[in-house]
Each structure stands twice: as C-alpha cells, then as structure tokens.
Amino acid sequence: MRNALALGLVLLLMAAGPCPVGAKEEQPAPAWPDPDRLTYGEIRFSPPKPERVVLENGLTVYTLEDRELPLVQVSFIVGAGSVLEPDGKAGLAELTGDAMRTGGAGELSGDEVDEQLEYLAAPVSVNIGMEYGTGSLSVLKRDLDKAFRIFADILRRPAFEEEKVEHVKNLKIEELRRVFDAPQRLAFREFRRALYAGNPRGRLAEIKTVEAVTRDDLVAFHGAHFFPRNLRIAITGDLSKEEALALVERHFGDWDAEGDFSTPPLPKPQERGPLHHFPRKGLQSTVIIGTIGPGKESPDFHAFTVLDHILGSGGFRSRIFQEVRSNRGLAYSAGSFYEGRQGYGTFGAYAMTKTESTGQVLSVLQDILNDVRESRLPAQDVHQAKRAIVNSYIFSFTSSHMIAFQHMALEFQGLPVKFLAEYPAKIDAVTREDVLRVAEKYLDPDRRTVFVLGDETKFDKPLRAFGTVKRVQ
C-alpha cells in the first residue's frame, strides 16, 4: 500500500512538471535591444579649465583646485626625448630619466631620496620617451612642501651618482638581452626601426650604445634639455591657485638656465619599401603593416581617428578583429593603433598568428586596408565609430589632474586650447567621404611599411610573393 502511494505521488509530481520549491513559473527572457539601435540624448560635457601662468623665467604652470581629497598631484612635461640623442648614444634619454629619479638630488643621495619619499608616501616618477619626458608626484597636502622640494631637486639638481648610473645602465642592458624572449615586444620594437628608417626616431637602444653612455653624457643631456622655458608643470588638488604658484615660485623661481630647443626632422612614409622580415624560430608570427599618418594639428586627424576605429582600434566590432579573429580564427590578438603626434601620426594594423597562417594573415590585413580605400565602407560603420569615440571621450577627463595634464600636453604639442572642446563636434562632423578620402591619402600600398617576425620555413606562403624581402636582425 505504501509503495502504491509513493508511486502515485511520484507520478503526480512528474505530471505537474519541474517546479523547484519557492520558484515562480519561468517566464520567457525579454528580448534585449540591439545596442546599435538604442536611442539616447546627446552627451554634454564641459570639463573645468585649469589656469595657466608663465613665471618670469619662462616656466609654464597649470593649476586646478580640487578639494575632494587632501591630496596634491603634480606632473611635468619637458621637451627632451630620444630623438635628441647624439649618434652612438641611443638609450641616453631613457637612462637620464631613470638616473634622475634614482641617482640622488640636491643634498640627498639616491638612497636618502628613496627613504624620504617612502616615509612621506609620495611616489615620484621620471620617464623620458621618444619625443618628450614626463614625470609626476603624488602626496598628501600636509607633506607637500617636503615632497615638492625633493621633486624640484630631481628636476633641477640631479646628482647622477656614479653607482646609480651604472645600476640603471645594467638594468637597461639586461632588459635588452631579454627583449628576444618576448617575440611580440621584439616585433613592435623592430617595426619602429623599419617605420622610421632614416629618421632619428628609428634609432633604438642597443647593448653597445648603452655601454657607451657615460655619467658625463647624462649630465650634458639634462643640462641641454631641462630648463624653465622647456618645462611645463601642472599642479592640481587640495590647494588654491595662489598656493600652487607660491610653491612653484619658491622652488623654481630662481632657476634661470637656458638650453637647446632643437627639433628633429619629421618622419616620412617609406616609398615602395621592402617587406621587412625578422627571422625567428617559434610557433607564432607577428605581422604589422603601418605608415605615417596625419598629425594632431592636421585637418585629417579626426577623419583618420574614425578610420582607425573602424579598422582595428574599435575592439570586437572592428574590421580587423572581426575578419582575422572572429570569422577566420587566424589570430588571438588583432587590431590597429593610431597616435596623432606633433606634425605626424603613426598608424599600424597588426595580428599575432600561428606560423603556418602567416601568409594568410598578411593577405587578409592587406585586403582590409585595400577594401576601405576602394569605397567598401558602409555609412553605418562611420556612424557607429563616431558614436563610440564621442561617448568614450569623457573618460579622458576622469580627474582634475588628467584635465590639467591634457591642457599641458596640448600646449606642448602646439595645439590650441579649444582642441579639447572642439574634439567631439569635429569627430561628429566626419563624413563617410572624409574617411574614404583619408584612407585613399594615407593607406597607399606603395607607402606602407610591412613587417613580419617569424619562421619563414614554416610559413604557408613565401614572403617573396608579397614583394621584395629585406631580412633584418
């Protein structure tokens, strides 16, 4: 009898269907709208403007008060980069920045600088790149004067202790030895050499050039390029404009040094150049196709920014990502990059793929770049790219310090202050015809630099099928 009752209960539950205790009857999931069809109001954003003051010695200071936290952020930008290094001393600029930070300053040794900054919880950085140097200080308001004094000494009076200079040289040499352990990093480093061939920007640090750098070289490089009229400082946070200017005047006001305003020649696209092949055994290849694009001041800058977004920097929806990775499964990483600089820009389309599909990936990238030059560009792609760029623009201004730095960098690049305010409207004004025009102008196959790193013995197609090949090492 009990068995019959149990069986009846089971049959009753089965007839009722699955219904977990406490759960409501499942409803069909709502259909989510296509993000591209969403409508929303126009985003209006007016970031605050920092105040700009030029001291009597030519030092330009930007200030922006922000009392939200008891913190002060300081940053600088200086016209000193590796493009200004003398021949045979590639790596000097970077070493100068590293040794400024670690090699002592003013009356303090390098170790004492570290100890005092650590005690104040005030990180300081100094980095010198290809065309300019930057650095920063972050500190609590109560410790500002102590930390800013050290910061000023690092910029004005670096000690370049011999032991620390040798230390940063050894670190750089070890880094250069290890660059061959990272194929992708090696590929982009050598692509730079090929893209800027014949220009100072194409000179790269080598072990022998780093070994050739002396302490006197660092002292001379610093003396030539760190002086008030070549330096800009931004101070933001928990202090007024008057407090900020008094601070800077106190530590930099008596600095009357002068130096070198040299400007290196601008790079030009490689005309009918060879395909650069860096032979390297391995399971993967890196393919990069690049060229020199418009600078930030160019009327083509905004249209090229939209073009780059459509091609590869737009993420999952970009053409390169969709075709190379999603549709064909040829690469785990693919896309493009574009950086507008002063007087020129750098563009590149890239993909990392398995060795056996290197030729196929190279062909696909070439076809994508050719397609956009042949008017195969739907107006909807341009519209979506513009919306994405404009809507993400606000994230360039997530802090008062980023706002002040943006203004400082604009002036350094010779751009008007209104560049930031006009950016969204100028992106919005780009038309399909504008994008096609800049694609035709800048993506000329005869002016591209093509670079491949990989083991050609395992390529699916010989590189000579794509033109003249130049082996580089």
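Undergrad: Please explain the overall build of the chain as it appears in this structure.
TA: Helix and strand counts for the chain stand at 16 helices and 12 strands. Principal-axis analysis of the C-alpha atoms places the extent of the chain at approximately 100 × 60 × 50 Å. Counting over 473 residues, the chain shows a buried share of 48%. Total accessible area on the chain is roughly 23900 Å²; 53% of this is exposed by carbon and sulfur atoms. Treating the 59 positive side-chain charges of the chain as one cloud and the 66 negative ones as another, the clouds have centres 6 Å apart.

Undergrad: Please explain the nonpolar core as it appears in this structure.
TA: One broad trend across soluble globular proteins is that nonpolar side chains are buried collectively. The biggest cluster of nonpolar side chains holds 71 residues, and the ones touching the most others in it are Phe76, Leu137, Phe148, Phe226, Ile235 and Phe252. When residues in this core are grouped by element, the largest group, eight residues, is from helix α4 (residues 144-156). Counting 52 residues, the second largest nonpolar core, distinct from the first, contains Val372, Ile389, Ile403 and Val438.

Undergrad: Explain the environment of Asp181 to me, please; I cannot follow it from the model alone.
TA: Here Asp181 shows up in the loop between α5 (162-178) and α6 (183-195). Overall, Asp181 belongs to the exposed group, its relative accessible area being 59%.

Undergrad: What exactly am I supposed to notice about the side chain of Gln366 here?
TA: Considering the arrangement of structural elements, one finds Gln366 in helix α12 (residues 358-373). Taking the relative accessible area as the measure of exposure, Gln366 reaches 18% and is therefore buried. When sequence neighbours within four positions are dropped, the list of residues in contact with Gln366 reads Ile289, Arg448 and Val450.

Undergrad: Could you clarify how one ought to interpret the sheet that holds strand β8 (residues 284-293) in this entry?
TA: As a general point, the strands of a sheet are linked pairwise by backbone hydrogen bonds and lie either parallel or antiparallel. With mixed pairing, six strands are arranged side by side in an open sheet as β9-β10-β8-β11-β7-β12. Only two strands of the sheet have a single neighbouring strand rather than two, namely β9 (331-340) and β12 (469-471). Across the sheet, the axes of successive neighbouring strands diverge by a mean angle of 20 degrees, strand direction being ignored. Seen against the sheet, helix α10 (residues 301-313) touches β9 and β10 (345-354) and runs at an angle of roughly 175 degrees to β9. Against the sheet, α12 engages β7 (275-279), β8, β10 and β11 (449-454), with an angle of about 25 degrees to β8.

Undergrad: Sorry if this is basic, but what is going on with the packing of aromatic side chains here?
TA: Any two aromatic rings considered together are summarised by their centre-to-centre distance and by the angle between their planes. Per the counting criterion, the structure on display carries 21 aromatic pairs. When the centroid spacing of 6.1 Å and the interplanar angle of 55 degrees are considered together, the rings of Phe76 and Phe151 count as tilted. Of this pair, Phe76 sits in strand β3 (residues 71-78) while Phe151 sits in helix α4; the two residues are 75 residues apart in sequence, bridging distant segments of the chain. Grouping residues by exposure puts Phe76 and Phe151 together as buried. An angle of 25 degrees between the planes, with centres 4.7 Å apart, marks the rings of Tyr393 and Tyr423 as stacked. Taken together, the positions of Tyr393 in the loop between α13 (379-392) and α14 (400-412) and Tyr423 in helix α15 (residues 418-428) put the pair 30 residues apart, joining distant regions of the chain. Assessed through its relative accessible area of 11%, Tyr393 is described here as buried. Note on Tyr423: relative accessible area 12%, which makes it buried. An aromatic cluster is defined as three or more aromatic residues linked by ring pairs; in this entry it consists of Phe301, Phe304, Tyr338, Phe347, Tyr393, Phe397, Phe419, Tyr423 and Tyr442.

Undergrad: Help me understand the environment of Gly129 in this model?
TA: With respect to the helices and strands, Gly129 occurs in the loop between β4 (124-128) and β5 (133-140). On a C-alpha basis, the gap between Gly129 and Gly81 in space is 5.3 Å, while along the polypeptide they are 48 residues apart. Beyond its immediate sequence surroundings of up to four residues, Gly129 is in contact with Gly81 and Ser82.

Undergrad: Looking at this model, I keep getting lost on the sheet that holds strand β1 (residues 51-54). Mind explaining?
TA: If you walk across this open sheet you meet the six strands as β1-β2-β6-β3-β5-β4, and the pairing is mixed. At either margin of the open sheet sits one strand with a lone partner, and together these are β1 and β4. Strand after strand, the sheet turns through a mean of 15 degrees between neighbouring axes, direction not considered.

Undergrad: Where do I start with the pattern of salt bridges in this structure?
TA: Side chains that differ in sign of charge can pair as their charged atoms come close. In total, this model carries 42 salt bridges according to the counting rule given. The partner of Arg229 in a salt bridge is Glu258, and the shortest N-O contact between them spans 3.0 Å. Placement of the pair is Arg229 in the loop between α8 (215-225) and β6 (231-237) and Glu258 in the loop between α9 (241-252) and β7, with a sequence separation of 29 residues. Overall, the relative accessible area of 43% leaves Arg229 in the partly exposed class. We classify Glu258 as partly exposed; its relative accessible area is 46%.

Each value, and the rule that gives it
- Residues numbered from 1 in each chain as written.
- Predicted model: local features only at pLDDT ≥ 70, side-chain atom pairs only at ≥ 80, totals over all residues.
- Heavy atoms only, no water.
- Helix = DSSP H or I, 4+ residues; strand = E, 2+ residues; numbered from the N terminus.
- Buried < 20%, exposed > 50% of the residue type's maximum accessible area, 1.4 Å probe, protein only.
- Areas by Shrake-Rupley, 256 points an atom, 1.4 Å probe, with all protein chains shown as cover.
- Lys, Arg positive; Asp, Glu negative; His and termini not counted.
- Charge placed at Lys NZ, Arg CZ, Asp CG, Glu CD.
- Core = buried A, V, L, I, M, F, W, Y, C linked by side-chain atoms within 4.5 Å.
- Contact = heavy atoms within 4.5 Å.
- Pairing = 2+ DSSP bridges.
- Axes fitted to C-alpha atoms, helices over the stretch in contact; angles between N-to-C directions.
- Phe/Tyr/Trp six-rings, centres within 6.5 Å; stacked < 30°, edge-to-face > 60°.
- Salt bridge = Lys/Arg side-chain N within 4 Å of Asp/Glu carboxyl O.

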